[in-house]
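Residues per chain are reported as follows:
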Amino acid sequence: MNSTPDPSAGSGTDEDLSIYSTRRQRRIRITAWVVIVALILVGGGSTVLAVLLG
């Protein structure tokens, strides 16, 4: 009834999971860099506004 393969059968599921792991790591790394850059830009922008507006 269930058409999904049994993960314990050893039908290459480790290779499939490694693909997802690689994609997940890349997505996490991109997200982290975007957050870091956004924090730097917002922090720098607020510093410039504080200096300009006194």
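Just so it is clear, the structure is predicted and the values come from calculations on it, not from any experiment.

Let us look at the overall build of the chain. Scanning the chain from terminus to terminus reveals 1 helix and 0 strands. Carbon and sulfur atoms provide 66% of the accessible area of the chain, an area that totals close to 5,100 Å².

A cluster of nonpolar side chains, Trp33, Ile36, Val37, Ile40 and Leu41, forms an exposed patch at the surface whose accessible area comes to about 540 Å². Following the sequence through the fold, Trp33 ends up in helix 1 (residues 13–53). Among the residues examined, Trp33 registers a relative accessible area of 55% and is labelled exposed.

Analysis parameters
- Residues numbered from 1 in each chain as written.
- Predicted model: local features only at pLDDT ≥ 70, side-chain atom pairs only at ≥ 80, totals over all residues.
- Heavy atoms only, no water.
- Helix = DSSP H or I, 4+ residues; strand = E, 2+ residues; numbered from the N terminus.
- Areas by Shrake-Rupley, 256 points an atom, 1.4 Å probe, with all protein chains shown as cover.
- Patch = residues over 30% accessible without salt bridge, like charges linked within 9 Å, V, L, I, M, F, W, Y side chains within 5 Å.
- Salt bridge = Lys/Arg side-chain N within 4 Å of Asp/Glu carboxyl O.
- Buried < 20%, exposed > 50% of the residue type's maximum accessible area, 1.4 Å probe, protein only.

Interpretation in functional terms is not warranted from these geometric data alone.
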